[in-house]
Amino acid sequence: MNSVTMHTVKGNQGKASMTGSQGNEFCHYAYSERQPGESLNDWQSRTVYDGAVWYYNHLAGQIPILVITEDTKLIKELGAKTTGVFLLSMEEYLKKFWSSVTNALDIYESLSASLKETADMKGNVKAKKDYLPQEVVAAGIKSGRYVQGCLQVNKHRPQQEAFLQRTGTGMKNTDAESDILIPGANNRNRAVHGDIVAVELLPRMEWQGRSKSLAQSEDMQDKGTDSESNTTMPTGRVVGIVQRNWRDYVASFPQNTEGQGQRSKGGRILVIPYDYRIPRIRISTRQAETLQHHRVIVRIDSWPLDSQYPNGHFVRTLGTIGSLETEIASILVENNISVRAFSEGQIKELPTNSEEKPWTMDPEEVARRRDLHQSHLIFSIDPKGCEDVDDTLSVRQLPNGNLELGVHIADVSYFVKPNSLTDLEAKARATTVYLADRRHDMLPAILSADLCSLIGGVDRYAMTVLWELDSNYEVQNVWYGRTIIRSAYKMFYEAAQALHDGNVPLEDIPELENLDAETLEHRLNELKWCISKLMHIARHLRSKRESGGAVQLEGVEVQVQLGEKKEIEDLIPKQPLEIHETIAECMIFANHWVAKKIAETFPHSSLLRHHPLPRQEHFGNLNHCAKSKGMTVDTSSNKSLAESLDQCVDPKDPVFNKILRTLATYAMSNALYFSTGSLSRDQYYHYGLALDKYTHFTSPIRRYADVIVHRLLMAAINGEEEALPGNKELQDLCDHINTKNRASQHAQKASQELFQSLFFKDKDPEKDECCTVDAVIFELRANGMLVFIPRYGMKGAVYLKDKSGLVVDVSEGKLHWLPGTLSKGDFSLTVTTSNGSTSYHLFDHITVRISVTPSHAHPLMLHLEMVDNKPHQIETSQEGNNQDQISNVPNKTDIVKEVTKEVKLAESVSHTDANDLGPNYSDLKSKYGQTSEAISIYSLLQQFKEMALREDLDESQS
């Protein structure tokens, strides 16, 4: 690589290069103002040097700059100031660099690498290089020298591994099309998890592979003793920050603030963030001893170049560590979720519905809508405890023999006007957040629980899509519009399924109570016909999507079962029912047709939802697991993937196919909202659902995206375009909604993990039978394996080798840690000790014991320990064997657990008093509502990875 040399001859005459003077006069970035008392000779020399620095940055640091001068004072003061700009005397230049000037940058990079290695050996992780100027970073990204992306720190190895997820252009014509590994803290260069950074790719000889061992402790991570890795991947280092992600962080004080170097100069203390991926933060406070057992909020202010840790300040306290309310608050803060009460101004602009002032429909609005009271039998099917009923269904026979399918959605857009206070708040929240024991609504209760909730027996405004279907269930006509409906039945899933199966659950359908025999029989037959037809239609729709390549993914839904006092009683796997798929398929159908309508009308400014193609490298573990059974999975397209998964069946182990489908889910990209003007048409496609266009229309009470889609649909019907957002504004809104959705999903996952930990926290792992369960091996690592526990729908690590080198030996029904070896094959791990050898193969069933690892600073963690290398055998009153139970076939569970842990839960988000919701609301709710107190309210839809795609597949179940 060539270098550029700038010459300036300095002598008693005080002459300097004209290039420096002219650059100072005509180039803003190279301008250097003369300082008071500075000699002309010194000023001109400094001007030349500043011009050299500007030119080096202008070339994006790709070529070193040499400034030749005889001014020894200048060399001493500025010679080491800027990396890549060298000040040398002519003698030094001729002696040292004349023969190798073209290799100057390589020499510099080698020297930097050596210094880095020396610093790492000494345990010094302080950053040594400052960030490049913003204009240099921008130019480097544009030119392809640097790649822009989001820094994602590995939470299991926070000191060892981070990855760059590409978010922009850059690194053109390189091999770095996948994520880029950022190994160690030095290469991270003071960047924090979530920062948008610029990364320089290291030479190929320095590329590394990600670790393939299970992380056993922070000590092990810090020391980097785990060296086994797979094939090398593109590796880089952070050279600049494009956008900081500094925010409020939950943290705690170390248990001993006086010891182990936690208290630094000036009384400053290193607090430990709740999130493993965030470095310790140095703050100043006089309340350390008082707040030692509290979770607090801190904020990063700066990260000096010479500091190992960032500086920050104390904001406020959240409460005592271990308190449920404190832990829930920590989850919300960590995910940047606001749970503030709705303001008085927002409430005042909404209608009221009280005994003194009941809400009534506007006659003019009624005249503009299609009235479906008499013509349609409308009903809802939702989970138990659901209060925000935003979708209902209808099906009827038309005079010409065709069927009419109807999906009726709460008309939220009628009440929430654009740019109103309620609209702005809903936009900021973007989604309702569902946690295990509570929810935080996107809309005030007067809308979500009353005027927009399609409860039975009352008139409600709705947005409706009606399809006329022929005998083959093909669409002949479709109608969109605003309607007035009255839901006749408010059922939950189990009741609807039982009704279809021939069991008449009268006690679960209050609308059928106190009827005479003739009327009851007529209404039962009418309702059973509707449900049966819906199921037939849904089977056809699903079959059609699957023939087009729709991927049937697998997930284990686990419900947190709460007792009468809201104590945690059990974690129950939810039994799948056909009615779940029926409702989901109807909602998917509605979303698809609405997407087609708005995209045709507004091709450059419609809000759609797409599911990008998954990256092939993410299918590695799926392919490996299938190969272990002598099977192959074709991942070239969604259709081939779906067909392959259907064929990968082990008759002896029903859980095999379910794990493969879950691994396919894990490999998927996230489904995202977008504006049609921001992507080409070939990117509209929804990979998982096999639909060319898709959006969200069916849940406007809990999703702001649906509110926007309702407005777009009405504009498309009425031929209006006023007040609709343009492409850029809409895409910015989509990005915001995507961010909030991810935060909500992460909070749900954290909530599930919290309640799982609380469930096991006070149980005796040695004695309590619920702590010993069956587990299935689905991934092998250098020092252990990852297992899936069907009973609780969760995964975890089981270690076969500890950090001291001892290995697991299971003999005579007991576990021992003994000296030995652990060898890894393609599909098995073999442990060898003095007692012999034991092999563990992919998809073997083993018995594990669940316990909880306490933590002062971080969330409680579940710990899995193998207790037997054979499947866990349990006593059950059901017919069948253990395999039937773990396969989650649709039957009732007979597992009953004693309550061993009582946690006093705070009340959920305050709801509007029933007296304010209309004169008949209490009677209607007691008659038609499913539960007065939601004991098992919300399913926690998390398995290996929280996927946005699950919302698309099961949106009607959440």
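## Overview of the overall build of the protein chain
Piece 1. When helices and strands are counted, the protein chain shows 25 helices and 37 strands.
Piece 2. Within the span of the protein chain, comprising 958 residues, buried residues form 53% of the whole.
Piece 3. For the protein chain, the share of sequence-separated contacts (at least 6 apart) that also reach a separation of at least 24 residues comes to 69%.
Piece 4. Taken as a whole, the protein chain presents about 43,300 Å² of accessible surface, with 49% of it coming from carbon and sulfur.

## Quick notes on the packing of helix H15 (residues 493–501) against helix H17 (residues 578–601)
Piece 1. Taken N-terminus to C-terminus, the directions of H15 and H17 make an angle of 110°; their axes are 9 Å apart at the nearest point. Between H15 and H17, the interaxial angle falls into the category roughly perpendicular. Residues Tyr493, Ala496 and Gln497 of H15 lie in contact with H17, whose contacting residues are Glu578, Ile579, His580 and Ile583.
Piece 2. Split into classes, the residues belonging to the contact of H15 with H17 amount to 4 nonpolar, 2 polar and 1 charged.

## Focus on the environment of Pro351
Piece 1. Structurally, the position occupied by Pro351 is in the loop between helix H10 (344–348) and helix H11 (363–368).
Piece 2. Residue classification places Pro351 among the partly exposed residues on the basis of a relative accessible area of 25%.
Piece 3. The spatial distance from the C-alpha of Pro351 to the C-alpha of Ile446 is 8.0 Å, given a sequence separation of 95 residues.
Piece 4. Excluding its chain neighbours within four sequence positions, the residues that come into contact with Pro351 are Trp359, Phe415, Ile446 and Leu451.

## Thoughts on the nonpolar core
Piece 1. Of all hydrophobic cores here, the largest spans 91 residues; its most connected members are Phe379, Leu447, Trp467, Met491, Leu607 and Phe697.
Piece 2. With residues near it in sequence (within four places) discarded, Leu607 still touches Ile598, Tyr673, Phe674, Thr695, Ala705, Ile708, Val709, Leu712, Leu730 and Cys734.
Piece 3. In terms of nonpolar packing, the next biggest core, distinct from the first, is built from 54 residues, Leu214, Cys625, Phe778 and Val831 among them.

## Considering the packing of aromatic side chains
Piece 1. Within this structure, the stated rule accounts for 13 aromatic pairs.
Piece 2. Between Phe656 and Phe843 the ring centres are 4.7 Å apart and the planes differ by 75°, which places this aromatic pair in the edge-to-face class. Taken together, the residues Phe656 in helix H20 (residues 655–667) and Phe843 in the loop between strand E34 (836–841) and strand E35 (845–853) connect sequence positions 187 residues apart.
Piece 3. Overall, the relative accessible area of 0% leaves Phe656 in the buried class.

## Let's talk about the side chain of Thr635
Piece 1. Its place among the elements puts Thr635 in the loop between helix H18 (620–627) and helix H19 (638–647).
Piece 2. A polar contact of 2.6 Å, which involves the side chain of Thr635, links it to the side chain of Gln616.
Piece 3. Among residues more than four places away in sequence, those in contact with Thr635 are Gln616, Phe619, Leu622, Asn623, Ser640 and Leu641.

## Looking at unusual backbone geometry
Piece 1. Its identity is not glycine, yet Asn336 carries a phi of approximately 55°, on the positive side.
Piece 2. Structurally, Asn336 is set in the loop between helix H9 (324–334) and H10.
Piece 3. Within the chain, Ala430 stands out as a residue other than glycine whose phi angle is a positive 70°.
Piece 4. Relative to the assigned elements, Ala430 resides in the loop between helix H13 (421–429) and strand E18 (433–434).
Piece 5. With a relative accessible area of 1%, Ala430 lands in the buried category.

## Comments concerning the sheet that holds strand E28 (residues 784–789)
Piece 1. Overall, antiparallel pairing links the 5 strands, which are arranged E29-E28-E27-E35-E36 in an open sheet. The two strands at the open ends of the sheet, each matched to only one other strand, are strand E29 (794–799) and strand E36 (861–868). Neighbour to neighbour, the strand axes of the sheet diverge by 50° on average, direction disregarded.
Piece 2. Where H20 meets the sheet, its contacts fall on strand E27 (772–781), E28, E29 and E35, and the angle it forms with E27 comes to roughly 55°.

## Quick look at the confidence of the model for the protein chain
Any residue range with low pLDDT should be treated as having predicted coordinates unsuitable for detailed reading.
Piece 1. Put simply, the protein chain has an average pLDDT of 80, and 78% of its residues get 70 or more.
Piece 2. Throughout residues 168–176 the model reports pLDDT below 50, and contacts reaching past four residues in sequence, or to other chains, amount to 24 contacts.
Piece 3. Across residues 875–919, where pLDDT falls below 50, the model places 95 contacts with residues more than four positions away in sequence or in other chains.

## With respect to the pattern of salt bridges
Piece 1. With the rule as written, the count across this model stands at 40 salt bridges.
Piece 2. As a salt-bridge pair, Arg237 and Glu200 come within 3.3 Å of each other at their nearest N and O atoms. Pair noted here: Arg237 is in strand E8 (residues 236–243) and Glu200 is in strand E7 (residues 196–201), with a separation of 37 residues, a long-range link.
Piece 3. A salt bridge links Glu334 to Arg247, with the shortest nitrogen-to-oxygen separation between them at 3.7 Å.

## Thoughts on the pairing of E27
Piece 1. For E27, the tally of buried residues reaches 10 of 10 residues, placing the bulk of the element in the interior.
Piece 2. The pairing of E27 with E35 spans 5 bridges and is classified as antiparallel. Opposite Val773, over in E35, you have Val848 as the bridge partner.
Piece 3. Looking at chain direction, E27 and E28 are connected through 5 bridges and run antiparallel. Bridge assignment links Arg781 to a residue of E28, and that residue is Gly784.
Piece 4. Hairpin connection, E27 to E28: the antiparallel pair is bridged by 2 residues.

## Concerning the environment of Tyr93
Piece 1. Topologically, Tyr93 is positioned in helix H4 (residues 90–97).
Piece 2. Separated by 24 residues in sequence, Tyr93 and Thr69 have C-alpha atoms that sit 9.9 Å apart.

## A look at the sheet that holds strand E33 (residues 828–833)
Piece 1. Here 3 strands make up an open sheet; going across it, the order is E32-E33-E34 and the pairing antiparallel. Two strands bound the open sheet, and with one partner strand each, they are strand E32 (821–824) and E34. Looking at each pair of strands side by side, their axes are set apart by 20° on average, direction ignored.
Piece 2. Sheet analysis places E32 next to E33, joined by 4 bridges and oriented antiparallel. Considered in E33, the bridge of Ser823 is made with Thr830.

## Topic: the packing of helix H16 (residues 517–547) against H17
Piece 1. The interhelical angle for the contact between H16 and H17, taken along N-to-C directions, is 65°, at an axis separation of 9 Å. Taken together, the axis directions place H16 and H17 in an arrangement best described as roughly perpendicular. As for the relative orientation of H16 and H17, their crossing is left-handed in sense. Judged by residue contacts, Ile531, Leu534, Met535, Ala538, Arg539, Leu541, Arg542 and Arg545 of H16 engage Glu578, Ile579, Glu581, Thr582, Glu585, Cys586, Ile588 and Phe589 from H17.

## Observations concerning the pairing of E34
Piece 1. Sheet topology places E33 next to E34; 6 bridges connect them, and they run antiparallel. Residue pairing across strands places Val831 opposite Thr838, the latter belonging to E34.

What counts, and at which threshold
- In this convention, every chain numbers its residues from 1, walking through the sequence in written order.
- This being a predicted model, a pLDDT of at least 70 is required before a residue's local features are given, and a value of 80 or more before pairs of side-chain atoms are given or counted; all residues contribute to the totals for chains, interfaces and linings.
- Heavy atoms from the whole structure form the basis of all side-chain values; hydrogens and water molecules are not counted.
- Each helix corresponds to a stretch of at least 4 residues labelled H or I by DSSP, and each strand to a stretch of at least 2 residues labelled E; elements are numbered beginning at the N terminus.
- Buried, partly exposed and exposed residues are distinguished by accessible area as a fraction of the type maximum, computed with a 1.4 Å probe on protein chains only: under 20%, between the cut-offs, and over 50%, respectively.
- It only takes one pair of heavy atoms within 4.5 Å for two residues to be counted as in contact.
- For every accessible area listed, the method is Shrake-Rupley and the probe measures 1.4 Å; residues are considered covered only by the protein chains on display.
- Here, axes are lines fitted to C-alpha atoms. For helices the fit covers the stretch in contact, and angles between N-to-C directions go from 0 to 180 degrees.
- Roughly parallel means an angle under 35 degrees; roughly antiparallel, over 145; roughly perpendicular, 65 to 115; everything else is oblique.
- Throughout this entry, Asp, Glu, Lys and Arg are counted as charged residues, while Ala, Val, Leu, Ile, Met, Phe, Trp, Tyr, Cys and Pro are counted as nonpolar. The remaining residues, Gly among them, count as polar.
- The definition of a nonpolar core used throughout is a set of buried Ala, Val, Leu, Ile, Met, Phe, Trp, Tyr and Cys residues joined through side-chain atoms within 4.5 Å.
- Geometry of aromatic contacts follows a simple scheme: Phe, Tyr and Trp rings, the Trp one being its six-membered ring, pair when their centres are within 6.5 Å, and the pair is stacked under 30 degrees between planes, edge-to-face over 60, tilted otherwise.
- Polar contacts here mean pairs of N or O atoms no more than 3.5 Å apart (in protein, one a potential hydrogen donor and the other a potential acceptor; neighbouring residues in sequence count only if both atoms are side-chain atoms).
- For two strands to count as paired, DSSP must find a minimum of two bridges between them.
- What pLDDT conveys is the predictor's confidence in a given residue, as a value from 0 to 100.
- Take a side-chain nitrogen of Lys or Arg and a carboxyl oxygen of Asp or Glu: if they are within 4 Å of each other, that pair is a salt bridge.
- Here a crossing is taken to be left-handed if its near helix is turned anticlockwise relative to the far helix by less than a right angle, and right-handed if that turn runs clockwise.

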